[in-house]
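# Chain and residue survey
Listed here are the chains, written in short residue letters.
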Amino acid sequence: MCGCNSSFGQSETNRHVFSPEHGSNSSFKRKAKVAWIPIHKLKQDVSTYWNSSFHMLERFLEQQEAVCASLLDRKIRKGVNDIHTLSESDITAAEDMVKLLRPVRTATTIMCEEKQPTLSVIAPLRVKLLVHYLITEEDSALLGEMKETMSRELSQRYQDVQQVLHMASALDARFKTLPFLSEEEKEAAFQSITYEASELWDQKDDTLTNVEENIPPPSSADQTDDEPDLEPTPETSQAQEQEYFPAPKKSKAFQDLFGDTFGNADPRQKTSRDLVHAEVAKYKDTDPLTLEGNVLEWWKTHQTEFPLLANLAKTYLCIPGTSVPSERVFSNAGDVVRSERSVLSAEHVDQLVFLKKNLPKDTGGHI
């Protein structure tokens, strides 16, 4: 990994040389303009920022010609003793690293999404990255070593929550065919979905039943003074009896004719497990959602068609795949609570952070 460390260290040094404090920006811009290179600032690797190493190397390779030309300028080299230029092997190592890290940059960008579920993306994304890390004959020794290390590290992740990730992917209409899993893993994922959806539905029914049982009956105090108590008369009693207990029809010809053939159907009501089985079979047969589609909107449209699965989808798809959304909320709170607004109550801070996070960007308001 010495080539990797050399590329990082010398890129950091050159970035310092081209900093505004050093006064070489004007020379760098002139060299980039002469070479017909887009004028972009060099970037620096920051340990707390995702993809910063990738962005630093990618920007350096983009501006490589301007950087090398500027380093030959006497005005820049005057009074500076720690200027280093990258060798051909260093440039090759940097190019290999950018090639290796580009899918990782794309993956982290996807996982930072807030308008789409991210938990369901982890399983297919992990498989894609592991395929990308397969060593080929064309790989250099450095690239092969990096692939081996990254593949080993990624293979050890998510072992204890694999089934949860598979279920989340199955409930995502974009990945519901689960092409990245074996047939046994697919069957296990949908069996777990069937079990948990039926259990969740039964719990919901039990909760509604308990609520209904705990509702007290209306008392006599609920009656207003304008409603006098009337003693039931024989006429009113007979009318109520006719209203709530209609007399049976005299003609039973239809029952007599077909009762022995069609009247002995299985009276057993379908359980929640049976209903979920039917929904899962129908869900599998529906066309998958395109990758550009909105999963939450899809479930909103199909929740009447798959009520039990939609109930379980709400449970799984609301789980964020990373801590990025919560960290952004803390950053928003830092923007809201400043020294000039230190007397805000906790309740008002919560409301302002909520509005800042959820108001449409085109409202034109400032929180």
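Residues numbered from 1 in each chain as written. Predicted model: local features only at pLDDT ≥ 70, side-chain atom pairs only at ≥ 80, totals over all residues. Heavy atoms only, no water.

Check the secondary structure of the protein chain and you find 17 helices and zero strands. Carbon and sulfur atoms make up 54% of the accessible area of the protein chain, which amounts to about 25100 Å² in all. (Helix = DSSP H or I, 4+ residues; strand = E, 2+ residues; numbered from the N terminus. Areas by Shrake-Rupley, 256 points an atom, 1.4 Å probe, with all protein chains shown as cover.)

Another point: the environment of H55. Among the structural elements, H55 can be located in helix α3 (residues 52-62). The exposure class assigned to H55 is partly exposed, which follows from its relative accessible area of 23%. Distance from H55 to L42, taken between C-alpha atoms, is 9.1 Å for residues 13 residues apart in sequence. (Buried < 20%, exposed > 50% of the residue type's maximum accessible area, 1.4 Å probe, protein only.)

Residue Y158 is not a glycine yet carries a positive backbone phi of 65°. Looking at where Y158 falls in the secondary structure, it is placed in the loop between α8 (141-155) and α9 (162-171). Relative accessible area serves as the criterion here: at 35%, Y158 is assigned to the partly exposed category. The backbone of L178 sits at a positive phi, close to 50°, despite the residue not being glycine. Structurally, L178 can be placed in the loop between α9 and α10 (183-214). Overall, the relative accessible area of 0% leaves L178 in the buried class.

This part takes up the packing of aromatic side chains. Following the criterion strictly, the structure yields six aromatic pairs and no others. Measuring from centroid to centroid gives 5.0 Å for W298 and W299, while their planes differ by 85°, and the two rings are edge-to-face. Note on accessibility: W298 and W299 belong to one class, buried. Put simply, the rings of Y283, W298, W299 and F306 pair up and form one aromatic cluster. (Phe/Tyr/Trp six-rings, centres within 6.5 Å; stacked < 30°, edge-to-face > 60°.)

In this fold, T322 is placed in the loop between α15 (307-317) and α16 (324-336). Overall, T322 belongs to the buried group, its relative accessible area being 17%. Among the polar contacts made by the side chain of T322, one reaches the main-chain carbonyl oxygen of M111 at a distance of 3.4 Å. One polar contact links the side chain of T322 to the main-chain amide nitrogen of V324, over a distance of 3.3 Å. (Polar contact = N/O pair within 3.5 Å; in protein donor to acceptor, adjacent residues only side chain to side chain.)

Running from N to C, helix α7 (residues 122-132) and α8 cross one another at 155°; their axes reach a closest spacing of 9 Å. The angle between α7 and α8 places the two elements in the roughly antiparallel class. At the point where α7 passes α8, the crossing takes the left-handed sense. Contacts from R126, L129, L130 and H132 in α7 reach K147, S151, L154 and S155 in α8. (Axes fitted to C-alpha atoms, helices over the stretch in contact; angles between N-to-C directions. Parallel < 35°, antiparallel > 145°, perpendicular 65-115°, else oblique. Left-handed = near helix turned anticlockwise from the far one by under 90°. Contact = heavy atoms within 4.5 Å.)

Moving on to the confidence of the model for the protein chain. Per-residue pLDDT for the protein chain averages 78, and the proportion of residues at 70 or more is 67%. Under a pLDDT of 50 for its full length, residues 236-247 has, in the predicted model, one contact with residues more than four places off or in other chains. (pLDDT = per-residue confidence, 0-100.)

Following the sequence through the fold, S331 ends up in helix α16. For S331 and V353, which are 22 residues apart along the polypeptide, the C-alpha to C-alpha distance reads 9.7 Å.

Here the focus is the nonpolar core. With 52 residues, the main nonpolar core has L178, F190, I193, Y283, W298, W299 and L309 as its most contacted residues. Leaving out residues up to four positions away in the same chain, I193 has contacts with M167, A170, L171, V276, L309 and L312. (Core = buried A, V, L, I, M, F, W, Y, C linked by side-chain atoms within 4.5 Å.)

In this structure the tally under the stated criterion is seven salt bridges. Note that R102 is salt-bridged to E58, the shortest N-O span being 3.4 Å. Taken together, the residues span a long stretch of sequence, with R102 in helix α6 (residues 88-111) and E58 in helix α3 at a distance of 44 residues. Relative accessible area serves as the criterion here: at 36%, R102 is assigned to the partly exposed category. Between K186 and E183 there is a salt bridge, and its shortest N-O distance comes to 3.5 Å. Separated by three residues within a single helix, K186 and E183 lie in helix α10, roughly one turn from each other. (Salt bridge = Lys/Arg side-chain N within 4 Å of Asp/Glu carboxyl O.)

Those residues of helix α14 (residues 295-302) that sit buried are V295, W298, W299 and H302. Summarising the axial view, the buried residues of α14 lie within an arc of 95°, below the 170-degree limit, and thus occupy one face. Across α14 from its buried face, at more than 90 degrees, point the exposed residues K300 and T301. Buried positions along α14 lie against α9, α13 (272-285) and α15. Capping the start of α14 is the job of one residue whose side-chain oxygen sits 3.0 Å from the backbone nitrogen of L296: N294. (Arc of directions from axis to C-beta.)

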